[in-house]
Amino acid sequence: MTDTIQTVVYELHPNKTMKLVLDEAIDYRRYCWNQALETWNELYLAHKIYDKILWTKFIPKQNKKTGKITVKPIDIHLNPSPNWKMVRDIMVHDKADWQYQRSAHLLGLAVKDLGNAWQNFFDKAQPDWGKPHFHSRREPRQGFKSDQSKIVDGLLRLERPQKSLVPSEEWRDFKLSEKPLSDKIGVVSYFRENGRYYAAVPFKVANKKALPKTGKNTAVDVNVGHFNYTDGQQNVLPKKLERIYEKIKHYQRKLAHKRVVTGSTQSNNYLKTRTKLQACYRKASNIQNDLMHKFTTKLVNNYDQIVIENLSVKGMLMSHVASKGVHRSMFGRFKQMLTYKCKWYGRKLILADKLYPSTQRCAVCGTIKHGDERITLYGNKKHGTKHNEFVCYNKKCPNYNLVVDRDTNAMFNLLALIEHPKLNKAL
Ligand SMILES: [Zn+2]
């Protein structure tokens, strides 16, 4: 049985020491890449100018089935064209003392990736690949790869180079915001963007057995406090989550106040508050994960096909949510979990086009609202309808002038995409 690769991106929250470790690894990756590229270019130049065939080696090879022996000639060049193993061997041979404090695997992977980049560049089937270029420390996103990272007791462990200056008792594993999908992982990509740290972990997940068909389909309309689907509503903003959002807001304000008034971010009080804030983030994340796991499991258990919106564009009235950013992160997690669970269990997930007007279309007659008829986050001014109301003004529609629930209407519009895939676009 083959494994499915399922990549999950986590934000990491390294302490000071581990931040330094990650920064150093990022710098070292760039150093290795740039040095490998320089070496590669030199070797290539030498190959172009000074290459000649020194001798030809004849290597006998026996065919295992027929027993026949053939002789294969191999030309030995003075300056062969470069490959990644050559470049790696030169770089390992020329290592400076300080490089032994860094991971040797990191060097190897950087050179291997450079080899792939050259291969892609020369591959005529991939004309969009640019020539490999030198990296600058000013690039907004920087990272490195590790093929030695492990999942240990639910934590992500980066390998510690034997001669690292960070003592092993200070080397920390990274907490993951979501339970790892598996203990088996591939090459992990660590990266830094806007001062935050992330890890993309490719989990090797044993293929699950497809669930039996249920003959039922559904669609999910995502809203701030509840998700609407064909069998009702799922509450996604329970009281306990709201209370934690309030606390997050409170601690965030307290920290901002301390920064402005006392100007110190190292005082005991400041650090104490920050620890409390981080604990709240973790609690919120746990509740969200739990909610989304249960709901997505329910969906894949009960339905063959599921339609959801493209959540990156959804406008929502968030004014009453204390911690909007933290709450919004749940929607991304919903899509991520539903995507991999559908894949595991043989369900079909349909993503609505970004421009499909699920809010503006009447699900009964298909009339689409335009101009000042459109429903905004605050309802419709012209007709005086509220934000949660949908009214169709097409006189031929069975629902003419009837006030229906906006989210239910949107959900039925999403559901319509299963039978009418041609509608899945801007209308
Ligand atoms: Zn209608």
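Residues numbered from 1 in each chain as written. Predicted model: local features only at pLDDT ≥ 70, side-chain atom pairs only at ≥ 80, totals over all residues. Heavy atoms only, no water.

Draft legend 1. Expanded view of the coordination of the zinc ion. Every protein donor of the zinc ion is accounted for by Cys 362 (SG), Cys 365 (SG), Cys 392 (SG) and Cys 397 (SG), and the metal-donor separations fall at 2.3 to 2.4 Å. The sequence motif formed by the donor residues of the zinc ion is C-x2-C-x26-C-x4-C. Taken together, the residues span a long stretch of sequence, with Cys 365 in the loop between β13 (348-351) and β14 (389-391) and Cys 397 in the loop between β14 and β15 (403-405) at a distance of 32 residues. Overall, the relative accessible area of 5% leaves Cys 397 in the buried class. (Donors = N, O, S within 2.8 Å, 3.2 Å for Na, K, Ca; no water. Helix = DSSP H or I, 4+ residues; strand = E, 2+ residues; numbered from the N terminus. Buried < 20%, exposed > 50% of the residue type's maximum accessible area, 1.4 Å probe, protein only.)

Draft legend 2. Broad picture of the environment of Ile 53. Inspection of the secondary structure assignment puts Ile 53 in strand β2 (residues 53-62). By relative accessible area, which is 47% here, Ile 53 ends up partly exposed.

Draft legend 3. View of the sheet that holds strand β7 (residues 188-193). Pairing is antiparallel across the open sheet formed by 4 strands, whose spatial order is β1-β8-β7-β4. Because the sheet does not close on itself, it has two edges, and the strands there are β1 (3-12) and β4 (141-146). If you compare each strand with its neighbour and ignore which way they point, the axes differ by 20° on average. Where β4 meets β7, 6 bridges bridge the pair, whose relative direction is antiparallel. Following the sheet pairing, Ser 146 is matched in β7 by Val 188. (Pairing = 2+ DSSP bridges. Axes fitted to C-alpha atoms, helices over the stretch in contact; angles between N-to-C directions.)

Draft legend 4. Quick peek at the pattern of salt bridges. If you walk through the whole model with that rule in mind, you get 15 salt bridges. Residue Glu 24 pairs with Arg 102 through a salt bridge whose shortest N-O separation is 3.5 Å. Of this pair, Glu 24 sits in helix α1 (residues 16-50) while Arg 102 is found in the loop between α2 (84-93) and α3 (104-122), placing the two residues 78 residues apart along the sequence. Its relative accessible area of 36% is what places Glu 24 among the partly exposed residues. As a salt-bridge pair, Glu 373 and Lys 382 come within 2.6 Å of each other at their nearest N and O atoms. For Glu 373, a relative accessible area of 21% gives the class partly exposed. Each of Arg 29, Asp 113 and Lys 145 takes part in salt bridges that share partners, so that together they form one network. (Salt bridge = Lys/Arg side-chain N within 4 Å of Asp/Glu carboxyl O.)

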